[in-house]
Each structure stands twice: as C-alpha cells, then as structure tokens.
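Chain residues, written in single-letter form:
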Amino acid sequence: QVQVVESGGGLVEAGGSLRLSCAASRRTFSMGWFRQAPGKEREYVASVLWSSGTINYADSVKGRFTISRDNAENTLYLQMNSLKPEDTAVYHCNAHFTTASGAPADTWGQGTLVTVSS
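As the structure is a prediction and not an experimental result, all values here were calculated from the model. (Residues numbered from 1 in each chain as written. Predicted model: local features only at pLDDT ≥ 70, side-chain atom pairs only at ≥ 80, totals over all residues. Heavy atoms only, no water.)

J.: How would you summarise the sheet that holds strand β8 (residues 75–80) if you had to cite specific residues and measurements?
T.: Ordered in space as β1-β3-β8-β7, the 4 strands form an open sheet in which the pairing is antiparallel. Each edge of the open sheet carries a strand with a single partner, namely β1 (4–7) and β7 (65–70). Between one strand axis and the next, the sheet turns by 15 degrees as a mean value, whatever way the strands run. Where β1 and strand β3 (residues 18–24) come together, 4 bridges link them in antiparallel fashion. Residue pairing for β3: Val5 is matched across the bridge by Ala23. (Pairing = 2+ DSSP bridges. Helix = DSSP H or I, 4+ residues; strand = E, 2+ residues; numbered from the N terminus. Axes fitted to C-alpha atoms, helices over the stretch in contact; angles between N-to-C directions.)

J.: Explain the pattern of salt bridges residue by residue, including any values.
T.: In the structure shown here, the tally under the stated rule is 4 salt bridges. Across the pair Arg35 and Asp87 runs a salt bridge whose closest N-O atoms are separated by 2.9 Å. With Arg35 in strand β4 (residues 30–36) and Asp87 in the loop between β8 and β9 (89–98), this pair connects stretches of sequence that are 52 residues apart. For the residue pair Arg35 and Asp87, the accessibility class agrees, reading buried in each case. Arg64 is paired through a salt bridge with Asp87; the nearest N and O atoms lie 2.7 Å apart. Residue Arg64 is located in the loop between β6 (55–57) and β7, and its partner Asp87 is located in the loop between β8 and β9; the two are separated by 23 residues in the primary sequence. Each member of the pair, Arg64 as well as Asp87, is classed as buried. Each of Arg35, Glu43, Arg64 and Asp87 takes part in a single network of salt bridges with overlapping partners. (Salt bridge = Lys/Arg side-chain N within 4 Å of Asp/Glu carboxyl O. Buried < 20%, exposed > 50% of the residue type's maximum accessible area, 1.4 Å probe, protein only.)

J.: I'd like a rundown of the nonpolar core, residues and numbers included.
T.: Counting 30 residues, the largest nonpolar core has Met31, Trp33, Leu78, Met80 and Tyr91 as the members making the most contacts within it. For this core, the elements supplying multiple residues, two or more each, are β3, β4, β5 (43–49), β7, β8, β9 and β11 (112–117). Top contributing element to this core by residue count: β9, with 5 residues. In this structure Tyr91 touches Glu6, Leu20, Trp33, Phe34, Arg35, Val45, Phe65, Leu78, Met80, Gly111, Thr112 and Val114, once residues within four positions along its chain are discounted. (Core = buried A, V, L, I, M, F, W, Y, C linked by side-chain atoms within 4.5 Å. Contact = heavy atoms within 4.5 Å.)

Next comes the structure, spelled out in structure tokens:
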C-alpha cells in the first residue's frame, strides 16, 4: 500500500503563486494532481511518470503550472503561477502503483484547498 500526504494550499489573489507538495510513502509508477471545484467533477491537472520523468499537463494549466519531483524523497510538487479564480478547487494528489500481487491500484490524498480571489 502507498500513503500520500499533501500540503501547501491556501488563499491567494489572482495572479499570485502557490506551491503544493505531496509526499508518498514509497516510489510509485506515477504521481499526479487532480482538482475538484465546487459543484464540478474532479479533473486532471498534471502528472509525471516516475521512471521516465514524462510529464503531462491539462490544457487549462499549461504555461502556468509546473509539476516536478524529488526522487530521493518520493515527493511531488506543483508550482502554480498566474493563478486565476477558476483555479479555485480542492487539489488532490494521486499515486498510481502496483500492489504486491501485481494489481494496479491508486491512492488519493485528502486534498488541499486552493482559493484564488479576484
């Protein structure tokens, strides 16, 4: 099993920046960020494949958000710049891994709230 712990959310004015962190209990196949705004479904933000370093972003955050990792600490970061009110959401960290029996599995963090004021 894998556990993840997020941190770094908060309140910021439009145009400002925040950095989110997600620490995993061990190395996983991939890690990523998703977000869920009030009244909306959870949506993909960005992710990284741990072995290759391949990174992907949702179109809505390209050029503003940067995902990065610390291999030694199994920690994922999301640097969010030029924040907009529509970025307001609960941000969840996801870790995709393989169980001891070889089955794919996912772990989700409890979420951290990001609020962007206009």
